[in-house]
Amino acid sequence: MTQTHPTTMFEKVWADHVVGQDEGAPAVLYVDVHLVHEVTSPQAFDGLRARKLRVRRPDRTVATMDHSTPTLPRALAVVDPQAEEQLRKLRENCAAFGIQLYALESAQQGIVHVIGPELGLTQPGRTVVCGDSHTSTHGAFGALAFGIGTSEVEHVLATQCLLQRKPRTLEVRVDGKLGPGVGAKDLILALIARIGTGGATGHVIEYRGAAIEALDMEGRMTVCNMSIEAGARAGMIAPDATTFAWLEGRPLAPSGDAWHAAVDRWRALRTDDGARFDASVSLDASAIEPMVTYGTNPGMGIPVTGTVPHPDDAPDASARAALAKALDYMGFVAGAPIAGQRVNVVFIGSCTNSRLGDLRAAARILRGRRVAPGVRVLVVPGSKDVKRRAEAEGLDRVFRDAGAEWRDAGCSMCIAMNGDQLAPGEVAVSTSNRNFEGRQGRGGRTLLASPLTAAAAAVTGCVTDPRTLMGDAS
Amino acid sequence: MIEPFTTLESTYVVLRADNVDTDQIIPARFLKVTDKAGLGDALFSDWRSRPDGTPDPDFPLNRPEAQGARVLVAGANFGCGSSREHAPWALVGWGFRAIVALSFADIFRQNAMKNGLLPVAVPADIHELLLAARELDPKARIAIDLAAQTVALAGDAPRGRFDIDPFAKECLLHGVDELGYLLARLPDIERHESTHFS
Ligand code: SF4
């Protein structure tokens, strides 16, 4: 047997997809799955038309409508004519180029990063791209998945390939066990608070360790989803029995003998013992508490039991200025406990936390309780499939009985393109992934948190440690 | 085709902030367009205007000396956040040809170069120099030479080299885009497809 040097999972997937590389040029990387949505694709299709090109592999291209779609009952008109035009263009482009489209009326429609895995399109060892930075979500399956710009969308449509420099690798090792009331969202917010929003720039993260292996697929997707918020090119988790069990029987997953052959291939993807990463970080899961952000980027996170940091404690002048500006925008006072801050809106949804497990977590807090007076609560399932399954187990009634709005699938208030948005000055606890200024509506203030913490805020009307509401839960 | 980038000498706008995210560069409500034109008007929309919609005269882009500047100087991790190529479209639409920053987010850097917008990552001392020169003289000019990969204050000796992917550099210097290169590799791509799974 020939001796090969131990390699990481990322390197295996990368090597398997390099079509070729000229001296001095980036690698030509093959794309197995290209996901398309209405916001970042119209200019790419126009580019194809201008060059008289076709979509090279429509069979490897799948489209959905999610970003600017309404999540109120679908009979209502799309929120504005521009958004409607965008949706119309996507229909037209998919029809013209022979691309499968999960349109608004489709039973499989949903947020692009929710439906890819649901359909079984996202598989270990595949390369997955989309004109959307949270494509990193799909890395939860051991796929190499990353966001691209519209020019690159055009490149993939035309050639099924991208020009890419090989990223470096970052090992994020999370050992130990997460405590009760602490989940995947808290884990990833704790990591970003530690390494910062640029901490993983230029790297593909591989999450490993006991706490990662213990996560279910939904939790793994939450973690990989936010890799981009640390600046990472992608995030990956080795496929294992949890992954295979989740994928088996999905509409586009292999079946019969092909399934067994695929599982054998997928098992070989894990990082070899002794493989080297370019950098490494480790976290102790048992020390992580429910996290919440207090500022205007996802790295500004603290335990829900903590206090808003003081600009004077920032390491340098620029961090000091950024923190002072963030606190001014958020209306928070340095040194104040984050718990107890008033909340106007709670948003449970987005490609980070809109899957069935997320909704169950929120329902666990909301069951038998009422939303605090004056608080508006939106629960937006990530896909129609999630919606159906949630309704089948009665979660919609839990939310409605508590006084929350139960919506149709879409991005909704994560990006505030569809009419769901904060008014200036309003404070939201949101299970989404970005708390940038104005992200959820101009002047709106976003606190990122887990579904449990968001639901706790819905009930009390202020930032609340969810563990204080979970004592009686079985 | 993109507009070639060789050398540039221009006044510059300073945005003293790290982690300028793409939601600030162009807020999501402007992403409902289906073409690339006209996005310059929406650049930094929420920072340029006050909540009542009137322009904020203190915002750097609104200052009289900002008009005609082709270069934006900002802090670390410029362009973090979403993959929207609307961000470079808006920057180019406003008139910028180069962004000088301490560092860039990956996707933004890629998107910028594909639109003839040069990302120039400079070390802290050069960054300081540019900020200080601009404090002294609002008409200070920066000189960028892509072939030599240098940045300087105009009329001054080059103060530092910047790194750029050699392939992207060639594309920018000659104004060619990557798609032509990829299309020329279709035979290799077909060969790859015939020998690989998934
Ligand atoms: S849910 Fe939010 S982050 Fe996710 S794809 Fe939609 S807009 Fe982007």
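Since the structure is predicted, the reported quantities are computational estimates derived from the model, not experimental observations. (Residues numbered from 1 in each chain as written. Chains lettered and ligands numbered in written order. Predicted model: local features only at pLDDT ≥ 70, side-chain atom pairs only at ≥ 80, totals over all residues. Heavy atoms only, no water.)

Quick word on the overall build of chain A
Next, step 1: A count of helices and strands for chain A gives 15 helices and 19 strands.
Next, step 2: At 22 Å, chain A has a C-alpha radius of gyration in line with the 23 Å of a compact globule built from 474 residues.
Next, step 3: Its C-alpha atoms give chain A principal-axis dimensions of about 60 × 55 × 45 Å.
Next, step 4: For chain A, the share of sequence-separated contacts (at least 6 apart) that also reach a separation of at least 24 residues comes to 76%.
Next, step 5: As displayed, chain A has an accessible area near 16,000 Å², and 51% of this comes from carbon and sulfur atoms.
Next, step 6: The average position of the 50 basic charges and that of the 52 acidic charges among the side chains of chain A differ by 2 Å. (Helix = DSSP H or I, 4+ residues; strand = E, 2+ residues; numbered from the N terminus. Rg over C-alpha atoms; globule rule 2.2 N^0.38 Å. Contact = heavy atoms within 4.5 Å. Areas by Shrake-Rupley, 256 points an atom, 1.4 Å probe, with all protein chains shown as cover. Lys, Arg positive; Asp, Glu negative; His and termini not counted. Charge placed at Lys NZ, Arg CZ, Asp CG, Glu CD.)

Some points on the interface of chain A and chain B
Interfaces are often sized by the accessible area lost when the parts come together.
Next, step 1: Tallying the contact residues gives 64 residues for chain A and 55 residues for chain B.
Next, step 2: Buried surface at the junction of chain A and chain B, summed over both partners, amounts to about 4,900 Å²; 53% is from carbon and sulfur atoms.
Next, step 3: Broken down residue by residue, the surface that chain A buries against chain B is led by Q43, L163 and R442 of chain A, which jointly contribute 14%.
Next, step 4: Here chain A and chain B share eight salt bridges between them.
Next, step 5: By residue class, the composition of the side of chain A that touches chain B is 19 nonpolar, 22 polar and 23 charged. (Buried area = accessible area lost by both parts, 1.4 Å probe. Salt bridge = Lys/Arg side-chain N within 4 Å of Asp/Glu carboxyl O. Nonpolar A, V, L, I, M, F, W, Y, C, P; charged D, E, K, R; others polar.)

As for helix α13 (residues 384-392) of chain A
Every α-helix carries 3.6 residues per turn, so stepping three or four residues along brings you back to the same face.
Residue and element names in this part refer to chain A.
Next, step 1: Among all positions in α13, only K384, V386, K387 and A390 are buried. On an axial view of α13, the arc spanned by its buried residues comes to 155°, and they lie on one face.
Next, step 2: Each element contacted by the buried residues of α13 is listed here: α4 (112-119), α12 (356-366), α14 (395-402) and β17 (405-406).
Next, step 3: Following α13 by one or two positions, G394 has its phi on the positive side, about 80°. (Buried < 20%, exposed > 50% of the residue type's maximum accessible area, 1.4 Å probe, protein only. Arc of directions from axis to C-beta.)

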